[in-house]
Amino acid sequence: MSIRSTLFTTAFLIATLGTVHAESLRPIQAKSIDLGDVSGVAYYTVERDGFHVVTTLAQGEAGTPVRVVSVLAPGQHVVLSTASRTSGLEISRQGDRVLVRNASSAVD
């Protein structure tokens, strides 16, 4: 199974676990991300091919930063999580809005 298929399956399972309070994000507005030992920020820009969600994460103060860019079309989402935690963060696009919410990534 490809990484993309695994991510899609995991995201779908997470989305079906129930609704959780979601916070709306505006373009260029930075949102802090805390995934335990890994933290960082995310923001998005509106481009012709979709909303570009830019996420920069690092482990602790001295960790090497990792930048991930996800292009979201309406109805798509990306889930950020670590192997050491049972919860993650979901960034989704619903129409012209981007929502950020905590999401349980525990899949049995």
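Fair warning: this is a prediction, and the values are worked out from it, not measured in the lab.

Basis of the calculations
Residues numbered from 1 in each chain as written. Predicted model: local features only at pLDDT ≥ 70, side-chain atom pairs only at ≥ 80, totals over all residues. Heavy atoms only, no water. Pairing = 2+ DSSP bridges. Helix = DSSP H or I, 4+ residues; strand = E, 2+ residues; numbered from the N terminus. Axes fitted to C-alpha atoms, helices over the stretch in contact; angles between N-to-C directions. Buried < 20%, exposed > 50% of the residue type's maximum accessible area, 1.4 Å probe, protein only. Salt bridge = Lys/Arg side-chain N within 4 Å of Asp/Glu carboxyl O. Core = buried A, V, L, I, M, F, W, Y, C linked by side-chain atoms within 4.5 Å. Contact = heavy atoms within 4.5 Å.

Overview of the sheet that holds strand 4 (residues 50-59)
Then, in step 1: Pairing in this open sheet of four strands is antiparallel, and the strands run 2-3-4-5 from one edge to the other. Unpaired on one side and paired on the other, strand 2 (31-35) and strand 5 (66-72) mark the two borders of the sheet. Averaged over neighbouring strand pairs, the angle between their axes works out to 25° when direction is ignored.
Then, in step 2: Looking at chain direction, strand 2 and strand 3 (residues 38-47) are connected through five bridges and run antiparallel.

Re the environment of Gly36
Then, in step 1: Within the secondary structure layout, Gly36 lies in the loop between strand 2 and strand 3.
Then, in step 2: Judged by relative accessible area, which is 37%, Gly36 ranks as partly exposed.

Some details on the pattern of salt bridges
Two side chains that carry opposite charge are able to pair once their charged atoms sit near each other.
Then, in step 1: This structure, assessed with the given rule, holds two salt bridges.
Then, in step 2: Between Glu90 and Arg101 there is a salt bridge, and its shortest N-O distance comes to 2.8 Å. With Glu90 in strand 7 (residues 87-94) and Arg101 in strand 8 (residues 97-104), the pair connects residues that are 11 residues apart, well separated along the chain.
Then, in step 3: Residue Glu90 is classed as buried on the basis of its relative accessible area of 4%.
Then, in step 4: For Arg101, a relative accessible area of 11% translates into the label buried.
Then, in step 5: Here Arg93 makes a salt bridge to Asp96, at a shortest N to O gap of 3.8 Å.
Then, in step 6: Residue classification places Arg93 among the buried positions, given a relative accessible area of 9%.

Topic: the nonpolar core
Then, in step 1: Core analysis: the largest hydrophobic core is formed by 16 residues, its most contacted members being Ile33, Leu35, Tyr44, Ile91 and Val98.
Then, in step 2: Those elements that provide at least two residues to this core are strand 2, strand 3, strand 4, strand 6 (77-80), strand 7 and strand 8.

A word on the environment of Glu23
Then, in step 1: Topologically, Glu23 is positioned in strand 1 (residues 22-25).
Then, in step 2: Along the sequence, Glu23 and Val98 sit 75 residues apart, while their C-alpha atoms lie 8.4 Å from each other.
Then, in step 3: When near neighbours in sequence (up to four residues on either side) are disregarded, Glu23 contacts Lys31, Val98, Leu99 and Val100.

Overview of the pairing of strand 4
Then, in step 1: Taking burial as the measure, the 10 residues of strand 4 include eight buried ones, the bulk of the element.
Then, in step 2: Direction of pairing for strand 3 relative to strand 4: antiparallel, over a ladder of 10 bridges. Each bridged residue has a counterpart across the sheet, and for Thr45 the counterpart in strand 4 is His52.
Then, in step 3: Both strand 4 and strand 5 contribute to a ladder of seven bridges, which runs antiparallel. By the bridge assignment, Thr55 is partnered in strand 5 with Val68.

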